[in-house]
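An overview of the molecular structure
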Amino acid sequence: MKLDDLSQWPPRRRMRRSRSGPSIRSVLQETHLSASDLIAPLFVKESATTPEPIASMPGVFRLGIRSVVDECRTLHTLGVRGVALFPCTDPSLKNPKGSGALDPQGLIPRTLAEIKSSVPGLLVFCDVALDPYTDHGHDGVLDASGTVDNDATVEILCHMSLCLAQAGANFVAPSDMMDGRVGAIRDTLDHSGHHSTGILAYAAKFASAYYGPFRDAVGSARPSSEGYLDKRGYQLNPANPREALLDALLDEEEGADILMVKPAGPYLDILTRLREHTLLPLAAYQVSGEYSMIHAAAERGWTDLPRTRLESLLAIKRAGADIILSYFTKTVAEELSRPSFSID
Ligand code: PBG
């Protein structure tokens, strides 16, 4: 058959005109990524005299306080505006109540003070949850039946948030998924003069298997014989988009400044739907498992690392995120800062 004999030939609209070279592709690009979109999660460990590699997260390290400050300086120079701190707590400081979270001289408050005096312009987001401090690894305290006790936990999280605000956190970031914690934290901060400390709420956080490498990194993983810690009693069911929206919008009502979806890549639909239901800024957390999978496939030669990581971040931005927490932050910020950089 000859094309010229067909009634719909030649095509009136040739889409390939807009894709025919780097200049036209660049002019028509709809979604852009820049260093200021990215926030770097950092793992702080008191005893890390030199950066400690994390086996399941190639290129990510547990850092001592001094190295964290150096890293913050580098990130700031690259145009990154914020970091999110996660402690690797010494096991001797963990207990069932997670009381280490309330120590004003704890690892995170001291790290915060150092960052604020050395890199004052950098925003610091501090995690609010008890899992780095509890010996059982849950995000809250347990009741007599072994269930995470919502209200007792919220009370502790309010104290923890106050402690972090006093130490200079720009944002507290409750990642625990207790009910009512955003409102309670907002009230606590406002009643103690910390109205300028913001809340980045982990608004739709799913009970995901993609957190595995993070739990190794902070040492909240249990021995493999006990299996993956089950947080389905408070984190969202991956199958429930409506429930996720409902839960996220409660955080908006309670006074969150920014709503976050976590994980990011496997939950782009949640991000897009939430974008249509709120006017608040949205964040997305490209979690440890997403990072590790991209690395693992590239290490085997199955995918191209630079292209895959950029595509993974662009996809999250395209779906509606204003801010992305990603372990790729430094590498990608370096890449974007090179004059020769082209997405093409
Ligand atoms: C819990 C918390 C988790 C992560 C950060 N804080 C999840 C969990 O352990 O259930 C995961 C982040 C990642 O995987 O990169 N407060």
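Attention here is on the structure that accompanies the text. Quick caveat: nothing in here was measured; it's all calculated off a predicted structure.

Thresholds, definitions, all that
- Residues numbered from 1 in each chain as written.
- Predicted model: local features only at pLDDT ≥ 70, side-chain atom pairs only at ≥ 80, totals over all residues.
- Heavy atoms only, no water.
- Helix = DSSP H or I, 4+ residues; strand = E, 2+ residues; numbered from the N terminus.
- Buried < 20%, exposed > 50% of the residue type's maximum accessible area, 1.4 Å probe, protein only.
- Contact = heavy atoms within 4.5 Å.
- Lys, Arg positive; Asp, Glu negative; His and termini not counted.
- Charge placed at Lys NZ, Arg CZ, Asp CG, Glu CD.
- Near = heavy atom within 4 Å.
- Polar contact = N/O pair within 3.5 Å; in protein donor to acceptor, adjacent residues only side chain to side chain.
- Areas by Shrake-Rupley, 256 points an atom, 1.4 Å probe, with all protein chains shown as cover.
- Nonpolar A, V, L, I, M, F, W, Y, C, P; charged D, E, K, R; others polar.
- Expected span 1.5 Å × (residues − 1).
- Arc of directions from axis to C-beta.
- Axes fitted to C-alpha atoms, helices over the stretch in contact; angles between N-to-C directions.
- Parallel < 35°, antiparallel > 145°, perpendicular 65-115°, else oblique.
- Core = buried A, V, L, I, M, F, W, Y, C linked by side-chain atoms within 4.5 Å.
- Phe/Tyr/Trp six-rings, centres within 6.5 Å; stacked < 30°, edge-to-face > 60°.
- Lys NZ or Arg CZ within 6 Å of the ring centre and 35° of its normal.

Scanning the chain from N- to C-terminus turns up eleven helices and ten strands. Principal-axis analysis of the C-alpha atoms gives the chain an extent of 80 × 45 × 45 Å. Sorting the 344 residues of the chain into buried and exposed places 51% on the buried side. Within the chain, residue pairs in contact and separated by at least 24 positions form 74% of the contacts whose partners lie at least 6 positions apart. Positive and negative side-chain charges of the chain, numbering 35 and 43 respectively, have mean locations separated by a distance of 10 Å.

Near the ligand there are 16 residues, and of these D131, R215, K262, S288 and Y327 occur at the shortest range. Within the contact set of the ligand, a nitrogen atom lies 3.0 Å away from a side-chain nitrogen or oxygen of D139. One of the side-chain N or O atoms of S288 is found 2.7 Å from an oxygen atom in the ligand. When isolated, the ligand has an accessible area of 400 Å², and the protein chains bury 100% of it. Split by residue class, the shell around the ligand holds seven nonpolar, three polar and six charged.

It is worth spelling out helix α7 (residues 241-253) at this point. Between the first and last C-alpha of α7 there are 19 Å, a value that for 13 residues agrees with the 18 Å anticipated at 1.5 Å per step. Along α7, the positions that sit buried rather than exposed are A244, L245, D247, A248 and D251. The buried residues of α7 occupy one face: seen down the axis, they fall within an arc of 165°. Facing away from the buried side of α7 by over 90 degrees, the exposed positions are R242, L246 and E253. At its buried positions, α7 is contacted by α5 (181-191), β7 (198-205), β8 (258-262) and α8 (268-275). Just downstream of α7, G255 is the residue with a positive phi angle, here 110°.

For the rest of this paragraph, the subject is the packing of helix α10 (residues 305-319) against helix α11 (residues 329-337). Here α10 crosses α11 at 100°, and the two axes come no closer than 11 Å. Relative to α11, the element α10 lies roughly perpendicular. Where α10 abuts α11, its residues P306, R309, L310 and L313 lie against T331, V332 and E335. A class-by-class count of the residues in the contact of α10 with α11 yields four nonpolar, one polar and two charged.

This part covers the nonpolar core. Formed by 104 residues in total, the largest nonpolar core has its most connected members in F43, V83, L85, L164, L271 and Y285. Per-element accounting of this core gives the leading share, seven residues, to helix α4 (residues 150-166). Discounting residues that sit within four places of it in the chain, L85 has contacts with L42, V44, V68, I108, T111, I115, V124, F125, C126 and D127.

Time to look at the packing of aromatic side chains. Within this structure, the stated rule accounts for eleven aromatic pairs. Each ring, one from Y202 and one from Y285, has its centre 6.3 Å from the other, and the planes form 50°; the classification is tilted. On the criterion of sequence distance, the pair formed by Y202 in strand β7 and Y285 in strand β9 (residues 282-286) is long-range, its members being 83 residues apart. For Y285, a relative accessible area of 1% gives the class buried. For the pair Y291 and Y327, a centre-to-centre distance of 5.9 Å together with 65° between the ring planes defines the contact as edge-to-face. A residue pair is termed long-range when its members are at least 10 positions apart, and Y291 in helix α9 (residues 288-299) and Y327 in the loop between β10 (323-326) and α11 qualify at 36 residues. On the accessibility criterion, Y291 (4% relative accessible area) is buried. Members of the aromatic cluster, connected to one another through ring pairs, are F43, F86, Y202, F214, Y285, Y291, Y327 and F328. One Lys or Arg, K262, reaches over the ring of Y211 and ends 5.0 Å from the middle of that ring. The ring of F214 has K262 sitting right over it, with the charged end atom 6.0 Å from the ring centre.

Take unusual backbone geometry next. Across the junction of W9 and P10, the peptide omega takes the value 0°, indicating a cis bond. With respect to the helices and strands, P10 occurs in the segment before α1 (22-27). The omega torsion of the bond from K262 to P263 falls at -10°, within 30 degrees of zero and hence cis. As for its position among the elements, P263 is in the loop between β8 and α8.

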